[in-house]
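Results of the structural survey
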Amino acid sequence: MNIKFALAGNPNCGKTTMFNALTGANQYVGNWPGVTVEKKEGKVKGNKEDNITVVDLPGIYSLSPYTLEEVVSRDFLLNEDPDVIIDLVDATNIERNLYLTTQLIETGVPVVIALNMADLIEKRGLKIDTKRLSMVLGCPIIETSALKGTGLKELIAEAVKVAKQGEHQLPQSIFSEKIEKAIDTVVPALSETITANKKRWYAVKVLENDEKVMNHIVLSSQNKTTIDSLRKELETELDDDMESIITDGRYTYIQKLISTTVEKPKEKLTMSDKIDKIVTNRFLGIPIFLAVMFVVYYISVTTIGTFVTDWTNDVFVVAIQDAVSGFLGSVGASSLLTAVIVDGIIGGVGAVIGFAPQMAILFLFLSILEDCGYMVRIAFVMDRVFRYFGLSGKSFIPLLIGSGCGIPAIMASKTIEQDNDRRLTIMTATFIPCGAKLPVIALLGGVMAGKVAGWKAAGFIAPAMYFVGIAAVLVAAIMLKKTKPFSGKPAPFVMELPEYHIPSAKTVLLHVWERLKGFLIKAGTILVVACIVIWFLSTFGFEGGSFGMVEDTANSLIAAIGDFIAPIFAPLGFGNWQSVASSLTGFSAKEAIVSTMGVLANVAGDPEDAVNVAAGVAKWFPTGMAALSFLIFNLLDSPCLAAISTMASELNDRKWFWFAIVFQNVYAYCISLMVYQIGSLVLYGTFGFWTVVAFIVLAFMLFMLFRPDPYKDQKTYSLRSVEA
Amino acid sequence: MPLTMLNIGETGEIKRIGGNEETRRFLNNLGFVVGAEVVVVSAIGGNVIVNIKDSRVAINEDMAKRIMV
């Protein structure tokens, strides 16, 4: 039999962990509310009798229509008729979780409660009378621990049983007599098309005057007047608006219920509270965050990072190149084939793969920070900074995710309520260096270090680039917030903070592996193609009047293309065709910048000798400033195609999309121009026409940054839209 | 008095919630209802983290000013 379960519950109570445990999927889990924005479907594994589908819904606190997550969940539960709702209730926070339960039961769909995190009940000194709780609520309760995988079989068995029963108890009354009487008056007024089991839900919503429901159902004008006056009567009598009265009613009911079923130990400051006191301290909060991120990036590209990467690049890749070319020579492969494989594919992909260990370490740190619950605190700490610049701390969440990959970061901006703030975040989220940009940073960091004699501090480049990314977001935000399309007060910041926990090795390693796997797959597909294309373009061309393989790469096709565009980038310090070609391939994937550099360095190098990519690349940049400017340009310009298409679908508007693309590239160009020209003036004393231009750009930017905000007095919140 | 006036570690009982309607509803759903007890865990220049019904909720100054305890 085909059965459909819906997983519903509060944010961060373990729905996605449960979903993964049930279906064997590897959906992204994180220790903060709102990781899942869209619903996801999967099949329950290990059940042969029935065909069971589970739908993981975004976490919600209620079934009101105010947030995107609520609308998605609510529409699914009411319109797609799941057979059973599996309601995840966090045992450590039972009162708040049961608030949603009372609403889920009202929808008329049978509910099975999974009392999750049951393993923590005893640890916390809690005592829960599940039998009584189950009896009063009228639905079965199974104790589970999604993380440890306990109770899942029992849960599925119970849910299947309930689904097959067909009939189940109708939702019962939970409110005070007055409200219940009002509900009883509304029920008969509802149209016959609403089935008996859903009547109570609609009656409560009609009483609350829920906008979405009111637009959706038909009431005779006479009934409407009766209900309106009934509502007004209750509101005057209880001196509150109807929605608050209902909310209050639910909490009163739950309080009564748990006073007889749950025993809580005396409250004391928990470990989380103690940690929060320090990391969200008004003076220490931001310095701690900066220090943490510095250490993360510094360690990723230096200590363990370089040791492993140097070894892979110098020894491993070269050894493979030698072995493969020897093998191809012995089987008599043509020299052309040998060249495309050795110089093109291995040289290019190898240059990127060499950075895999560094990425793995970065991903490991980021996963630990996310999973332990620290990252979401940062959104709170940064809210003060962001609000000063006209953004909400909520905009910081996509930026945090962006340090892993820009695509989920752009998608995470969905939870930002205000349209203009969401657009702003989508446009700027990819300024944060993603994992794919790490190889670029590491390679260019090495180049820069090589340019400055005796400077061993290449490791500082990676954390510096992270902070450049954040600064770039803030600068862009300040400038744009002072223009009309982006003006408006940010929404108030209200967010639940998860408890700290020691990250589970399984979750963290799974994260790291998932991300690394994505990177390796990309290396094996997009990058191989990119490398072959680049190899072809850099090996063939017109020389001596005829088309063919060229002796000098300067005559190759790619050089011709690059030379054509290069003058545009000359003011930024990298007006040579090699760097231009690398930047262009960066749009396919940011790692392709490194792989292209690998191919070009290999092709240009002495065919007899193995090539050190970094040394080859260093020749293209006359000064360290030029390398820095190249790095910053590639950090801030439009992201890879995959991220660009995500931007397009999230912005969902042609005009905005093109504005975003133009803005990102012009912005990147301006910043790089200023860095290169002013930097060169300071360091090397070079002065020219473009130095003047750089100062004009700087003056313009400073004006945009510090001019009085013409929309400062706008007290209203900007527009928002919630569409499912 | 507004929630922002409570010192770290102090407990208050919610008397009234004002301000922007949507946020007020969101706070209601999180358990901020009249009569509920809140404990201030941390405060940074008006932004507060409070304990309510066994969970921790971060609220910025704008909103915290409008929660009366």
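Keep in mind the model is a prediction, meaning the values are calculated, not measured. (Residues numbered from 1 in each chain as written. Chains lettered and ligands numbered in written order. Predicted model: local features only at pLDDT ≥ 70, side-chain atom pairs only at ≥ 80, totals over all residues. Heavy atoms only, no water.)

On to the overall build of chain A, then. For chain A, the helix and strand inventory stands at 32 helices and eleven strands. Computed over C-alpha atoms, the radius of gyration of chain A comes to 30 Å, within 12% of the 27 Å expected from 2.2 N^0.38 for 724 residues, which places it in the range of a compact globule. Burial status across chain A gives 57% buried among its 724 residues. Where the 62 positive side-chain charges of chain A centre and where its 69 negative ones centre are 4 Å apart. (Helix = DSSP H or I, 4+ residues; strand = E, 2+ residues; numbered from the N terminus. Rg over C-alpha atoms; globule rule 2.2 N^0.38 Å. Buried < 20%, exposed > 50% of the residue type's maximum accessible area, 1.4 Å probe, protein only. Lys, Arg positive; Asp, Glu negative; His and termini not counted. Charge placed at Lys NZ, Arg CZ, Asp CG, Glu CD.)

Attention now goes to the interface of chain B and chain A. Listed as interface residues are 33 residues of chain B and, on the opposing side, 42 residues of chain A. Considering only the side of chain B, the residues that lose the most area to chain A are Asn29, Ile44 and Arg56 of chain B, jointly responsible for 22% of the buried surface there. Of the charged contacts, one joins Lys53 of chain B and Glu95 of chain A as a salt bridge, the two residues approaching to 2.8 Å between their closest N and O atoms. The interface formed by chain B and chain A contains 16 residue pairs in polar contact (both at pLDDT 80 or more). Put simply, the parts of the chain that give the side of chain B that touches chain A at least two residues each are helix H1 (21–29), strand E3 (37–44), strand E4 (47–52), strand E5 (55–59) and helix H2 (61–64) of chain B. (Contact = heavy atoms within 4.5 Å. Buried area = accessible area lost by both parts, 1.4 Å probe. Salt bridge = Lys/Arg side-chain N within 4 Å of Asp/Glu carboxyl O. Polar contact = N/O pair within 3.5 Å; in protein donor to acceptor, adjacent residues only side chain to side chain.)

Moving on, we come to the pairing of strand E1 (residues 2–9) of chain A. Residues and elements named next belong to chain A. For E1, the buried fraction is high: six of the eight residues fall into the buried class. Across six bridges, E1 lies against strand E3 (residues 51–56) in parallel orientation. Bridge pairing links Asn2 to Asn51 in E3. Pairing of E1 with strand E4 (residues 84–90) involves five bridges; the strand directions are parallel. When the sheet's bridge partners are listed, Phe5 is paired in E4 with Val84. (Pairing = 2+ DSSP bridges.)

The UniProt record annotates "domain: Ferrous iron transporter FeoA-like" (unreviewed entry) at residues 1–69 of chain B. Segment residues 1–69 of chain B splits into 19% helix and 38% strand. End C-alpha atoms: 6 Å apart. (UniProt positions renumbered as here; feature names shortened; annotations may be inferred.)

Right, let's get into the confidence of the model for chain B. As a general rule, the predicted coordinates of low-pLDDT regions are not to be interpreted in detail. All names here are of chain B. Counting all residues, the mean pLDDT for chain B is 85, and 100% of those residues have values of 70 or more. Looking at the elements of chain B, mean pLDDT is at its lowest for H1, recorded as 81, and at its highest for strand E1 (residues 11–13), recorded as 89. Predicted complex metrics record ipTM = 0.90 and pTM = 0.79. (pLDDT = per-residue confidence, 0-100.)

Bringing the UniProt feature "binding site: Mg(2+)" (unreviewed entry) in chain A into the picture now. Residues and elements named next belong to chain A. Here the UniProt-annotated "binding site: Mg(2+)" (unreviewed entry) positions come out as Asn20, Ala21, Thr23 and Gly24. Relative to the helices and strands, Ala21 is located in helix H1 (residues 15–23). The contact partners of Ala21, leaving out residues within four places of it in the chain, are Lys45, Ala146 and Leu152. Looking at the secondary structure, you find Thr23 in helix H1. With relative accessibility at 14%, the residue Thr23 sits in the buried group. Every residue in contact with Thr23, bar those within four places of it in the chain, is listed here: Gly42, Lys43, Val44, Lys45 and Val54.

Take the nonpolar core next. Residues Phe289, Phe396, Leu444, Met597, Phe621, Leu636 and Tyr667 of chain A are the most contacted members of the largest nonpolar core, which totals 140 residues. Filtering out sequence-adjacent residues up to four positions away, Phe396 of chain A remains in contact with Phe289, Ile378, Ala379, Met382, Phe386 and Ile470 of chain A. Counting 83 residues, the second-largest nonpolar core is a separate cluster that includes Leu137 and Ile217 of chain A together with Leu3 and Ile59 of chain B. (Core = buried A, V, L, I, M, F, W, Y, C linked by side-chain atoms within 4.5 Å.)

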